[in-house]
Amino acid sequence: MSDNNTTYHTLQDYLESRFDNVDVVTDTMLKQAKQEWRAIYLSRYYKQYRERYIQVSFRILKKQYQEYEREAKKQNIITTTYIKRLVLNKQNNDQSVTLTALRIILLQIIDSLEESLHEETTVDTQYLLSLIEKCHTLLNDR
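Values in this document were obtained by computation on a predicted structure and should not be read as measured data. (Residues numbered from 1 in each chain as written. Predicted model: local features only at pLDDT ≥ 70, side-chain atom pairs only at ≥ 80, totals over all residues. Heavy atoms only, no water.)

1. Considerations on the pattern of salt bridges
Note the threshold: Criterion for a salt bridge: a side-chain nitrogen of Lys or Arg within 4 Å of a carboxyl oxygen of Asp or Glu. Here a helix means four or more residues in a row that DSSP labels H or I, a strand means two or more in a row labelled E, and each is numbered from the N terminus. Buried means the residue's accessible area, taken with a 1.4 Å probe over protein chains only, is under 20% of the maximum for its type, while exposed means over 50%, and partly exposed covers the values in between.
Going through the model one piece at a time under the given rule, you end up with 2 salt bridges. Here E36 and R18 are joined by a salt bridge, their closest N and O atoms 2.9 Å apart. Residue E36 is located in helix 2 (residues 27-52), and its partner R18 is located in helix 1 (residues 11-18); the two are separated by 18 residues in the primary sequence. Taken individually, E36 and R18 each receive the classification buried, so the pair is uniform in this respect. Between K74 and E71 there is a salt bridge, with the nearest N and O atoms lying 3.2 Å from each other. Residue K74 and its partner E71 are both found in helix 3 (residues 62-74); the two are separated by 3 residues, about one turn of the helix. Exposure remark for K74: the relative accessible area of 65% places this residue in the exposed category.

2. Remarks on the packing of helix 1 against helix 2
Applied cut-off: To get an axis, fit a line to the C-alpha atoms, keeping to the stretch in contact for a helix; angles then go from 0 to 180 degrees between the N-to-C directions. Convention used here: angles under 35 degrees read as roughly parallel, angles over 145 as roughly antiparallel, angles from 65 to 115 as roughly perpendicular, and any remaining angle as oblique. Here a crossing is taken to be left-handed if its near helix is turned anticlockwise relative to the far helix by less than a right angle, and right-handed if that turn runs clockwise. Whether two residues touch is decided by their heavy atoms; if any such pair falls within 4.5 Å, the residues are in contact. Basically, the charged four are Asp, Glu, Lys and Arg, the nonpolar ten are Ala, Val, Leu, Ile, Met, Phe, Trp, Tyr, Cys and Pro, and anything else, Gly included, counts as polar.
Running from N to C, helix 1 and helix 2 point in directions that differ by 125°, and their axes come no closer than 10 Å. On the basis of the axis angle, helix 1 is oblique to helix 2. Between helix 1 and helix 2 the crossing geometry is right-handed. Contacts between helix 1 and helix 2 pair L11, Y14, L15 and R18 from the former with L30, A33, K34, E36, W37 and I40 from the latter. In the contact of helix 1 with helix 2, the residues fall into 7 nonpolar, no polar and 3 charged.

This is how it looks when you write it as structure tokens:
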């Protein structure tokens, strides 16, 4: 029998280990060993898969799902892939909007500082603090 702690990289490795001390291997024994190997392989595969990926589930109205299903068929992809893309695109767009807003605020800060340096005037600290607060708010809302 196999040792559950042993990692077999291939079916051949498993079969050699499994039948190491066996003189005659029958078709039935080989078939059973292959089924055992498949169970070991799938167990290891799903464990690695669960370690790498997180499953997220949520419910939507059937009508909404049917709309997504139609759109997915138009794009020749499965519905769940289409929904996943929608979610990820929304997330990326939100981040892009936030980054654009941050860039604008930071450019306003830089402009204010450069203007005060060029004109040798004092910096309007209240204005700068309000811009920094906007940055803080944008980053916390993400």
